[in-house]
Amino acid sequence: MKKKLTKNRVSKTSAIIHHTIRSSKNKTNGLRFSGLSLNFAALLLAMFSFFTGGLNAQNIKLFSPDSAPLSGTKNIPGDYATLSLAITDLNTQGVGAGGVTINLLPGNPQTAPSGGYVIGGVGSLVLTTTSALNPVILTGNGNTITAPSNQTAGVLTDGIFKLIGADFITVSGFVMTENAANTITNDGTNNMTEWGVALLYAATTNGAQNNVIQNNTITLNRAYQNTYGIYSSSTHSANSPTVNASSLTAAGSNSNLKIYGNTISNVNFGIVNSGPAGATDINILLDIGGTSPAQGNSITNFGTTGTHSPFTSIPSSVVYGIYVQYTVNMNISNNTIISSNGGTTVGASLRGINIDGFFFDTSGTFSTVINKNSISLRSGLGTMSIVGIT
């Protein structure tokens, strides 16, 4: 918590110093203030006088140790009892010089708060304190994060981790799983988890950029039609995924997203990346799978139904392993994509990798690399359109 040094506070402190000096006159060692010489006490008074006379007191701010921006390594347990408490401080105190690593020590499984862990969002100091030199690294060390069982009925925005307008964040090494107690799948009354990891904008001019999602295991429940392993969208707000409200500037996009080495299963959709629908606003730079097999993602047992809530970021009637739209300069390589064992049973089409074309005039030189992906798709219907890459 930031503390402001006000004139009233200075005046009170000065009075205490004078009182201490007066009560110390009879001491044989001369005048003293808390074991310091009178000369030093006078210096303190002069400093207080300078501050109150020459500066606006409202601009003088002090941090207590408990409210300073986070930096270095913060261990859980140790520095914090839970991951939730650490993320709360991250949002309220921001990030200090050199960035911060929030390290969940091995053997410490957690249950996510209702709605999920939110990094960023309106009012979070993460939005203004991270940078390439001051990143945030969330390290899971193989710990399981279970979705809560108290999620609000009918909400379509529950996740394990949600990055809302947050930049330079790495989420690595977590095992994310749906709560077995969550079983209601009807849109209006569901208590399920939609997203393993979601990247959303905090405002139409403040997207989630320069982020890395890597080496996580994400397992939800594909019986629920609105399940996504990793979901990045600039087409709607963080609270209303079915209402079209595309970000309006390049700053509102989710550009430069890297997705490496994740194992995603038991979801209806594997990875979705939907950029803003504007020629100058689109996502720039997307890397799903990197340059080596170790960076490739595994998406298995995905796909149940093409009938899902009308999220603005994805067409209806189609099930996707990887879906990308309104994005340029991308690499999708080294990924393994295997549809569900029982096959998709509802919908018109099943796609392994789908890149949607642009519906506006985008000029420039762009690169799209789709390389070394292994794709196996299976329909549970007698007739269905199946395409590996389109």
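These numbers come from a predicted model, not from an experiment.

(A) Expanded view of the overall build of the protein chain. Scanning the protein chain from terminus to terminus reveals 4 helices and 29 strands. Evaluated residue by residue, the protein chain yields a buried proportion of 48% over its 390 residues. Within the protein chain, contacts between residues at least 6 apart in sequence are counted, and of these 82% link residues at least 24 apart. In the structure as shown, the protein chain presents an accessible area of about 16,700 Å², 54% of it carried by carbon and sulfur atoms.

(B) Molecular detail of the sheet that holds strand β19 (residues 263-265). Spatial strand order, β7-β10-β13-β16-β19-β22-β25-β28: 8 strands in an open sheet with parallel pairing. Single-partner strands in this sheet number two, and they are β7 (110-111) and β28 (374-376). Taken together, the 3 bridges between strand β16 (residues 217-219) and β19 define a ladder with parallel strand orientation. Bridge pairing in β19 links Thr 217 to Thr 263.

(C) Spatial organisation of the sheet that holds strand β9 (residues 136-139). Read from one edge to the other, the open sheet built from 9 strands follows the order β5-β6-β9-β12-β15-β18-β21-β24-β27, with strand pairing classed as parallel. Since the sheet does not close on itself, it has two edges, and those belong to β5 (70-76) and β27 (368-371), each with one partner. Here the strands of the sheet are splayed against their neighbours by 10° on average, with no regard to which way each runs. Sheet topology places strand β6 (residues 95-104) next to β9; 4 bridges connect them, and they run parallel. Directly across from Thr 101, in β9, lies its bridge partner Ile 137.

(D) Highlighting unusual backbone geometry. Pro 77 follows Ile 76 through a cis peptide bond whose omega is -5°. Secondary-structure assignment places Pro 77 in the loop between β5 and α3 (83-93). With phi around 60°, Phe 168 is a residue other than glycine that occupies positive phi space. Secondary-structure assignment places Phe 168 in the loop between β11 (159-164) and β12 (169-172). Classification of Phe 168 as partly exposed rests on a relative accessible area of 24%. One non-glycine residue, Asn 210, lies in the positive phi region at around 60°. As for its position among the elements, Asn 210 is in the loop between β14 (195-200) and β15 (211-214).

(E) Examining the packing of aromatic side chains more closely. In total, this model carries 8 aromatic pairs according to the counting rule given. Ring centres of Phe 161 and Phe 174 lie 4.9 Å apart, and the angle between their planes is 55°; this geometry places the pair in the tilted category. Of this pair, Phe 161 sits in strand β11 while Phe 174 sits in the loop between β12 and β13 (175-177), and the two are 13 residues apart along the sequence. Given the relative accessible area of 0%, Phe 161 is considered buried. Where Tyr 228 meets Tyr 231, the ring centres are 4.9 Å apart and the plane angle is 65°; that geometry is what we call edge-to-face. Across the pair, exposure class does not vary: Tyr 228 and Tyr 231 are buried alike. Three or more aromatic residues joined by ring pairs form one cluster here, namely Trp 195, Tyr 228, Tyr 231, Phe 269 and Phe 311.

(F) Quick look at the side chain of Gln 151. Within the secondary structure, Gln 151 sits in the loop between β10 (144-146) and β11. Reaching out from Gln 151, the side chain makes a polar contact with the backbone oxygen of Asn 191 at a distance of 3.2 Å. Residues contacting Gln 151, with those up to four places away along its chain left out, are Ser 114, Gly 115, Asp 158, Asn 182, Asn 191, Met 192 and Thr 193.

(G) Structural context of the pairing of β5. Pairing of β5 with β6, which is carried by 6 bridges, proceeds in the parallel orientation. Bridge pairing links Ile 76 to Leu 104 in β6. At this point the chain moves from β5, through α3, to the parallel β6, and the crossover so formed is right-handed.

(H) Fine view of the nonpolar core. Formed by 52 residues in total, the largest nonpolar core has its most connected members in Leu 83, Leu 90, Ile 119, Phe 161, Val 171, Phe 174 and Ile 322. Among residues more than four places away in sequence, those in contact with Ile 119 are Ile 87, Leu 90, Asn 91, Val 126, Leu 138, Phe 161, Lys 162, Leu 163, Ile 164, Ala 166 and Ile 169. Grouped together as the second largest cluster of nonpolar side chains are 17 residues, Ile 164, Trp 195, Phe 311 and Val 318 included.

(I) Representation of the pairing of β12 in the model. Burial along β12 is two-sided: the face carrying Ile 169 and Val 171 and the face carrying Thr 170 and Ser 172 are both buried. By the bridge criterion, 4 bridges tie β9 to β12 in an arrangement that is parallel. Paired with Leu 138 across the strands is Val 171, a residue of β12.

(J) Region of interest: the confidence of the model for the protein chain. Of all residues in the protein chain, 82% have pLDDT values of 70 or greater, and the mean over the chain is 85. Considering only residues more than four positions removed or in separate chains, one finds that residues 1-63, a stretch of pLDDT under 50, has 52 contacts.

About the thresholds
Residues numbered from 1 in each chain as written. Predicted model: local features only at pLDDT ≥ 70, side-chain atom pairs only at ≥ 80, totals over all residues. Heavy atoms only, no water. Helix = DSSP H or I, 4+ residues; strand = E, 2+ residues; numbered from the N terminus. Buried < 20%, exposed > 50% of the residue type's maximum accessible area, 1.4 Å probe, protein only. Contact = heavy atoms within 4.5 Å. Areas by Shrake-Rupley, 256 points an atom, 1.4 Å probe, with all protein chains shown as cover. Pairing = 2+ DSSP bridges. Axes fitted to C-alpha atoms, helices over the stretch in contact; angles between N-to-C directions. Phe/Tyr/Trp six-rings, centres within 6.5 Å; stacked < 30°, edge-to-face > 60°. Polar contact = N/O pair within 3.5 Å; in protein donor to acceptor, adjacent residues only side chain to side chain. Right-handed = clockwise from strand over helix to strand, strands pointing away. Core = buried A, V, L, I, M, F, W, Y, C linked by side-chain atoms within 4.5 Å. pLDDT = per-residue confidence, 0-100.

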